[in-house]
Every structure is written in structure tokens, then in C-alpha cells.
Amino acid sequence: LPIWERMRRYLVKRGFDPRAMTGYPAPPELLRLVPRRRALFRYAAPDAAKRTTLFIKVYQPGHGTQAHRNHKLMAKATRKGQLGFRVPRLLTYSTRRRAMVMKRLRGVQLSDLVPAGDPDVFRRVGEALAGLHESGLEPEGRWSVDRELEALAVAMDDVKQALPALAPEIEALLDRLRRSR
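Residues numbered from 1 in each chain as written. Predicted model: local features only at pLDDT ≥ 70, side-chain atom pairs only at ≥ 80, totals over all residues. Heavy atoms only, no water.

A.B. asks: How would you explain unusual backbone geometry if you had to name every residue and give the values?
C.D. replies: Its identity as a non-glycine residue notwithstanding, Arg98 has a phi of 50°, on the positive side. Along the polypeptide, Arg98 turns up in the loop between β4 (90–94) and β5 (99–103). (Helix = DSSP H or I, 4+ residues; strand = E, 2+ residues; numbered from the N terminus.)

In C-alpha cells form, the structure reads like this:
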């Protein structure tokens, strides 16, 4: 059987109504791929008003269980009002398939807002990330400051390419962060 048919059967076993699973595209849409780490898929219903859009995150061996635990930790903190953002509701996690299935959050995706270059969007994202760092959560596999700065710089390269007018401000911010360590 194709992998997506096996995933559909797995979801049905986990309590999804098999009638609700018909009509979903096969395969789902690949949204993001981090080679040798993880992939994120959107399993969108053709009639989204009636059905839930699912997001499926698939991990390489050794990463899924840690991500699942960290997701549960953030979800608990969100319910307690400790974070300035919401996390998607986890519907199921398969250790064997190293996959988390999550329900789509209501609202507009950040990736849809970034191209407009609205500074308020970046400010709100920065505040949410700062709140996460200040929350006191102790996730598994935390990154060092150097690794976080490196990942941020790589991500900001994409932003600078998409929004060249912001490049000088982004570079100045990255320099300030590097000096403050």
C-alpha cells in the first residue's frame, strides 16, 4: 500500500471517522522539508468548512519522541497562559511512524504574512519567541546560544532575500545579538 493509504488507515484506527477521511488528497501537500530531520505535510480537506485540515510532521529516527514530548510541554504551558502563542492541538502521535498529527489552528499562517513585510508581524513573532525563552520551560534537546544564533541568521537570510529593504536593520539586529552574548 502507498504510505498515505497506510497513514489514512492509521488515522481511522486512532478514531478518525473513515467517511471524514474520504476526499482528502493523496498524497498530502509537502509544506516544508528539512533533509535528514523532518517534513511537514498539510492534509487539507477539499471542503475545509466541513472538515479539519490536518498537519502531519514526520521525523527521522531519534527525533520524533523528543518533538512529541516538547509539543506536549508547550501545549500544557499554553493552556496555563504561560506562552504568548497557541500550539496546534495534537491529535495523535505514532512512535512507529515517527509522526505527529495536529489540527490546524484558526487564523492566518505566518508564512502568508511575511511577504508583506509588516514590521508589526515581526515584532509580535519576536515577542512570542522571547516569551517562550523566558517561560522557564525545560524542553529536551535545547540548543546552545551559538546554535540558536546560527539558525536565526540562516532564517534571516531568507527574509533579507524576500525583503531587501529590511536587510540593513536585520543585519544590525543580528550583530547586536552576537555582541550581547
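A.B. asks: So what's going on with the pairing of β4? Residues and values would help.
C.D. replies: Pairing geometry for β4 and β5, over four bridges, is antiparallel. In the strand pairing of β5, Ser94 is matched with Ala99. Between β4 and β5, which pair antiparallel and follow one another directly, the connecting turn spans four residues, one of which, Arg98, has a positive phi of 50°. (Pairing = 2+ DSSP bridges.)

A.B. asks: Describe in detail the environment of Val125, supporting the description with residues and values.
C.D. replies: Along the chain, Val125 turns up in helix α5 (residues 119–134). According to the relative accessible area criterion, Val125 is partly exposed, its value standing at 29%. When the C-alpha positions of Val125 and Leu110 are compared, they lie 8.8 Å apart, and in sequence the two are 15 residues distant. (Buried < 20%, exposed > 50% of the residue type's maximum accessible area, 1.4 Å probe, protein only.)

A.B. asks: Can you lay out the side chain of Asn70 for me, pointing to particular residues and giving the numbers?
C.D. replies: In this structure, Asn70 sits in helix α3 (residues 64–79). Taking the relative accessible area as the measure of exposure, Asn70 reaches 16% and is therefore buried. Among all residues touching Asn70, those that are not within four sequence positions of it are Pro139 and Glu140. (Contact = heavy atoms within 4.5 Å.)

A.B. asks: Give me the nonpolar core: which residues, what numbers.
C.D. replies: Core analysis: the biggest nonpolar cluster contains ten residues, these being Met7, Tyr10, Leu11, Ala39, Phe41, Tyr43, Leu54, Ile56, Ala99 and Val101. Contacts of Tyr10, omitting those with residues within four sequence positions, involve Thr92, Tyr93, Ser94 and Arg97. (Core = buried A, V, L, I, M, F, W, Y, C linked by side-chain atoms within 4.5 Å.)

A.B. asks: Explain the pattern of salt bridges residue by residue, including any values.
C.D. replies: Inspection of the entire model under this criterion finds seven salt bridges. Note that Asp120 is salt-bridged to Arg124, the shortest N-O span being 3.7 Å. One end of the pair is Asp120 and the other is Arg124, both in helix α5 and four residues apart, which spans about a single turn. On the accessibility criterion, Arg124 (48% relative accessible area) is partly exposed. Salt-bridge contacts for Glu127 lead to Arg123; the nearest nitrogen and oxygen are separated by 2.8 Å. (Salt bridge = Lys/Arg side-chain N within 4 Å of Asp/Glu carboxyl O.)

A.B. asks: Quick rundown of the sheet that holds strand β2 (residues 38–43)? Include the residues and the values.
C.D. replies: Taken together, five strands build an open sheet; the order of strands is β1-β2-β3-β5-β4 and the sheet is antiparallel. Strands with a single pairing partner mark the edges of an open sheet, and in this sheet they are β1 (29–34) and β4. For this sheet, the mean inter-axis angle between neighbouring strands, taken without regard to orientation, is 15°. Inspection of the sheet shows β1 paired to β2 by five bridges, in the antiparallel sense. Across the sheet, Val34 pairs through a bridge with Arg38, a residue of β2. Packed onto the sheet, α3 meets β3 (54–59), β4 and β5 and runs at close to 155° relative to β4. (Axes fitted to C-alpha atoms, helices over the stretch in contact; angles between N-to-C directions.)

Take it as geometry only, folks, not as evidence of what the structure does.
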